[in-house]
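# Remarks on the overall topology
Okay, here's what each chain looks like letter by letter:
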Amino acid sequence: MTNALKSKKILRSNGLIVLMCLLVLLGMAASLWQQSRLETVERPAMRTVDVERIDREIGAGRLSDMPARHWIVIEEDAPK
Amino acid sequence: MTAVECRLCPHRCVLAENERGKCRVRWNRNGELKSLVYGRPCAVHVDPVEKKPMFHFRPGSRIFSIATAGCNLRCKYCQNWSISQADPETTRNEILLPEDLIPTARANGCVSIAYTYTDPIIYYEYAFDSCVLAHRQGMENVLVTAGYIEEKPLRELLPHVDGANVDLKGFSDEFYREMCGGRLKPVLRTLEIMAKTDMVLEITNLVVPGHNDDPKEIREMCRWIAQNLGTEIPLHFSRFHPHNQLQRLPPTPASTLLDAAKIAQSEGLKHVYLGNLRDATYENTYCPKCGALLVERVGFRVRQVKLQNGRCPKCSTSIYGRW
């Protein structure tokens, strides 16, 4: 076998390995993306309110400060 | 720091102090969940009841319609996105407490109140107290909702509700996740619970081209309605117009809506309507038994109601609804 043929064969097998690695990486990325997408739907990112602004709006009568129904306390000092 | 879990809707938002839920209007203040929009509607109008759409509920009547800012879904094609996707501190809100709402509705010649435009689920306490007061004073209540609510609060609210139009947005969980930020199953549960009460239930399905217009999916939805809710439940297919994040999509072709209506009828549904589209065949109510014209409509206007005590004047078949 000539050197040229040998290097071609090596290149081809290396290429296959690289291709398989890429496919595995692509699969992992897709799975991670899917996971993050589901999390976005099921556990939407909560947003902190601007308390000063909310208090001003409540004071001005444009917003209410009414106790809501249908909720529970999770736990005291719960790390978020 | 006290975290709370909101159990009003299936999102079940867990909120640390000073955080608000996905709905934008419920927040954790010092370990207590508060509503920012009780008695603070940002939309107050008098509408024909046909606009909700409710076609089997007091046809031709005027309905006092209110909404607050916020929504627990994120529909990419929402027609009312300017208030549904807005924080309540950014909208122009009125003070209209339940005790003032009822006399205001009456003064405007209305016999019923619609909790509509955004979604009454997110202003649950305001809608609940208003519904109770309205009933006490002889008025009726209509919910226009996506039905994305937990079972317990729903069951508590329903005895005070007389009619509902539930927006069944599609019939795949994928559509709900991708396009609306929700799930299909809780909505189906809401429909099943509502159908077992004596309220008037109507369903709207807004057909978005290329997203929920697959005839196979439409057939599955209609079959599910017929088998689980009954063939009397009115179904409105509504035409999509470009809104919110889907401004580049064309409006739904008329042929798609007509095909959907035919599919629904072939699955046995007796009252099928097309919305946002002028088509006399699908905006009137006909007797499912003898075919007689019962309610003639032109757009949201009712030309004539021929029903007698809720029955067809020709064959006396009882027609689903409150007339």
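Right above here is the structure, for reference.
To start, this report covers the structure provided alongside it. (Residues numbered from 1 in each chain as written. Chains lettered and ligands numbered in written order. Predicted model: local features only at pLDDT ≥ 70, side-chain atom pairs only at ≥ 80, totals over all residues.)

## Some thoughts on the overall build of chain B
In plain terms, the rule: Numbered from the N terminus, helices here are DSSP runs of H or I no shorter than four residues, and strands are runs of E no shorter than two. In this description the radius of gyration comes from C-alpha coordinates, and the expected globular size is given by 2.2 Å times residues to the power 0.38. Here the C-beta atoms are placed from the backbone, and a residue counts as buried if at least 20 other C-beta atoms lie within 10 Å of its own, exposed if 12 or fewer do, and partly exposed otherwise. Note on contacts: residues are paired as contacts if their backbone-placed C-beta atoms lie within 7 Å.
Across its full length, chain B carries 8 helices and 16 strands. For chain B, whose C-alpha radius of gyration is 19 Å, the value lies close to the compact-globule estimate of 20 Å for 323 residues. Overall size of chain B, expressed as C-alpha extent along the three principal axes, is 65 × 45 × 35 Å. Looking at chain B as a whole, 51% of its 323 residues are labelled buried. Considering only intrachain contacts with a sequence separation of at least 6, the fraction spanning at least 24 residues in chain B is 67%.

## Some thoughts on the overall build of chain A
Counting its regular elements, chain A contains 2 helices and 3 strands. In sequence order, chain A lays out its α and β elements as α-β-α-β-β. When the 80 residues of chain A are sorted by exposure, 8% land in the buried category.

## Quick word on the sheet that holds strand β16 (residues 301–305) of chain B
Residues and elements named next belong to chain B. To keep it simple, the criterion reads: Should DSSP find at least two bridges between two strands, the strands are regarded as paired.
With antiparallel pairing, 3 strands are arranged side by side in an open sheet as β14-β15-β16. Strands with a single pairing partner mark the edges of an open sheet, and in this sheet they are β14 (285–286) and β16. The pairing of β14 with strand β15 (residues 293–298) spans 2 bridges and is antiparallel. Considered in β15, the bridge of tyrosine 286 is made with leucine 293.

## Quick notes on helix α6 (residues 185–195) of chain B
Residue and element names in this part refer to chain B. Stated formally: As used here, the arc is the angular range of directions from the helix axis to the C-beta atoms.
Looking only at α6, the buried set comprises Pro186, Val187, Thr190, Leu191 and Met194. Within α6, the buried residues cover an arc of 145 degrees as seen down the axis, which keeps them to one side. The exposed set on the far side of α6, more than 90 degrees from its buried face, consists of Lys185 and Glu192. The inward-facing, buried residues of α6 abut α4 (151–157), β10 (163–167) and β11 (200–207).

## Considering the packing of helix α7 (residues 215–228) of chain B against helix α8 (residues 254–266) of chain B
Residue and element names in this part refer to chain B. Rule in force here: Axis lines are fitted to C-alpha atoms, over the contacting stretch for helices. Their N-to-C directions set the angle, which ranges from 0 to 180 degrees. Any angle from 65 to 115 degrees is called roughly perpendicular, while one under 35 is roughly parallel, one over 145 is roughly antiparallel, and all others are oblique. Here a crossing is called left-handed whenever its near helix is offset anticlockwise from the far helix by less than a right angle, and right-handed whenever the offset is clockwise. Basically, the charged four are Asp, Glu, Lys and Arg, the nonpolar ten are Ala, Val, Leu, Ile, Met, Phe, Trp, Tyr, Cys and Pro, and anything else, Gly included, counts as polar.
Where α7 meets α8, the axes come as close as 9 Å, and the angle between the chain directions of the two elements is 40 degrees. Taken together, the axes of α7 and α8 lie oblique to each other. Crossing angle aside, the handedness with which α7 passes α8 is right-handed. Contacts between α7 and α8 involve Pro215, Ile218, Arg219 and Cys222 on the former and, on the latter, Asp259, Ala260, Ile263 and Ala264. Residues belonging to the contact of α7 with α8 are distributed by class as follows: 6 nonpolar, no polar and 2 charged.

## Structural notes on α7(B)
Residues and elements named next belong to chain B. Spelled out, the test is: Given the number of residues in a helix, its expected span is that number minus one, multiplied by 1.5 Å.
Helix length check: α7, at 14 residues, gives a terminal C-alpha distance of 20 Å against a target of 20 Å (1.5 Å per residue), a fit within 8%. Every buried residue of α7 is accounted for by Ile218, Met221, Cys222 and Ile225. All buried residues of α7 lie within an arc of 95 degrees about the axis, which places them on one face of the element. Of the residues in α7, the exposed ones pointing more than 90 degrees away from the buried face are Lys216, Gln227 and Asn228. Check the buried side of α7 and you find it contacts β11, β12 (235–239) and α8.

## Quick notes on the environment of B:Tyr38
Within the secondary structure layout, B:Tyr38 lies in the loop between β5 (32–35) and β6 (43–48). Placed 60 residues apart in sequence, B:Tyr38 and B:Pro98 show a C-alpha to C-alpha distance of 9.0 Å. Once residues lying within four places of it in the same chain are set aside, the contact partners of B:Tyr38 are A:Ser64, A:Met66, B:Glu125 and B:Tyr126.

## Overview of the sheet that holds β12(B)
As a general point, the strands of a sheet are linked pairwise by backbone hydrogen bonds and lie either parallel or antiparallel. All names here are of chain B. Read across the open sheet, the 8 strands follow the order β6-β7-β8-β9-β10-β11-β12-β13; overall the sheet is mixed. The outermost strands of the open sheet, each flanked by one partner alone, are β6 and β13 (272–275). On average, each strand axis in the sheet is inclined to that of its neighbour by 20 degrees, with strand direction left out of account. In the sheet, β6 pairs with strand β7 (residues 62–67) via 6 bridges, with the strands oriented antiparallel. Each bridged residue has a counterpart across the sheet, and for alanine 43 the counterpart in β7 is alanine 67.

## A look at the interface of chain B and chain A
The interface of chain B with chain A comprises 40 residues on the first partner and 29 residues on the second. Listing elements by their share of the side of chain B that touches chain A, those giving two or more residues are β1 (2–6), β2 (14–15), β3 (19–20), β4 (26–29), β5, α3 (124–136) and α4 of chain B. Counting residues per element, the side of chain B that touches chain A draws most heavily on β1(B), which supplies 5 residues. A breakdown of the residues in the side of chain B that touches chain A according to their chemical character gives 18 nonpolar, 9 polar and 13 charged. In terms of strand pairing, strand β2 (residues 66–67) of chain A meets β5(B) through 2 bridges, oriented antiparallel.

## Remarks on the pairing of β15(B)
All names here are of chain B. The hairpin formed by β14 and β15 contains 6 residues between the paired strands, and glycine 291 there has a positive phi angle of roughly 80 degrees. Of the strand pairs in this sheet, β15 and β16 are connected by 4 bridges, and their pairing is antiparallel. Residue pairing in the sheet places valine 295 in a bridge with valine 305 of β16. Connecting β15 to the next strand, β16, in antiparallel fashion are 2 residues, including glycine 299 with a positive phi near 60 degrees.

## Structural notes on the environment of B:Arg40
Mapped onto the elements, B:Arg40 comes out in the loop between β5 and β6. What makes B:Arg40 buried here is the crowd of 26 C-beta atoms within 10 Å. In this structure, the C-alpha to C-alpha distance between B:Arg40 and B:Ile95, residues 55 residues apart in sequence, is 4.9 Å. Among all residues touching B:Arg40, those that are not within four sequence positions of it are A:Arg62, A:Leu63, A:Ser64, B:Thr68, B:Pro88, B:Asn93 and B:Ile95.

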